[in-house]
Amino acid sequence: MSNIQVHTKYIPTSERALPALALQITQLVGSYMVWIGTTGESAENVETALLQGSLLRDWACAMPPTNTAIPPAATNLYRSSSSDVSLSMAQRLARRFKKQIFLSVDVPPAFMTPGDGPKLMLAVEKAAVQSLQALET
């Protein structure tokens, strides 16, 4: 029996201007690998979105802190010049879930406009938190 489990999810956004999200969590022993990206696919074809996405657009790793007074140790594994949201988000997830987090955020630069970018990143983080909470219970 394998301890590794893969969970895939389609997340519609609450605003019409924002694209839907595809999420894949690989549950490892003591850590999670999370990929989340935008998709034009339907919920039935969410697996196709994963194949079209890019793991290396913005990828970071964070370790849970051993002392709550210090921030989680984290590093970028790969990032493009257009995105750097995965590092801080991975730190917040590692602190919250007390597990090592590998996080890849695949959001094309076209969606990172000043008006919609923050809303989309909030939707991305909310989807990751809710999905990880469901796995923790």
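Above this text you will find the structure in question.
Residues numbered from 1 in each chain as written. Predicted model: local features only at pLDDT ≥ 70, side-chain atom pairs only at ≥ 80, totals over all residues. Heavy atoms only, no water.

(A) View of the pattern of salt bridges. Across all of its chains, the model carries four salt bridges by this definition. The partner of Glu 15 in a salt bridge is Lys 119, and the shortest N-O contact between them spans 3.6 Å. Of this pair, Glu 15 sits in the loop between strand E1 (5-11) and strand E2 (20-28) while Lys 119 is found in helix H3 (residues 117-136), placing the two residues 104 residues apart along the sequence. A residue is classified by how much of its surface remains accessible, and Glu 15, at 33% relative accessible area, is partly exposed. A salt bridge links Arg 92 to Glu 125; its shortest N-O distance comes to 2.6 Å. In this pair, Arg 92 is assigned in helix H2 (residues 86-97) and Glu 125 in helix H3, connecting sequence segments 33 residues apart. For Arg 92, a relative accessible area of 41% gives the class partly exposed. Under the relative-accessibility criterion, Glu 125 is labelled buried at 18%. (Salt bridge = Lys/Arg side-chain N within 4 Å of Asp/Glu carboxyl O. Helix = DSSP H or I, 4+ residues; strand = E, 2+ residues; numbered from the N terminus. Buried < 20%, exposed > 50% of the residue type's maximum accessible area, 1.4 Å probe, protein only.)

(B) How the structure looks around the environment of Ala 123. As for its placement among the helices and strands, Ala 123 is situated in helix H3. Setting aside residues no more than four positions away along its own chain, Ala 123 makes contact with Thr 13 and Leu 21. (Contact = heavy atoms within 4.5 Å.)

(C) Inspection of the side chain of Asp 58 at higher detail. Locating Asp 58 in the fold gives a position in strand E4 (residues 58-62). Of the buried charged residues, Asp 58 lacks a salt bridge, with Arg 79 as the closest side chain of opposite charge at 6.2 Å. Of the polar contacts made by the side chain of Asp 58, one reaches the backbone nitrogen of Val 85; its length is 2.8 Å. Side-chain polar atoms of Asp 58 contact the side chain of Ser 86, separated by 2.7 Å. (Lys, Arg positive; Asp, Glu negative; His and termini not counted. Polar contact = N/O pair within 3.5 Å; in protein donor to acceptor, adjacent residues only side chain to side chain.)

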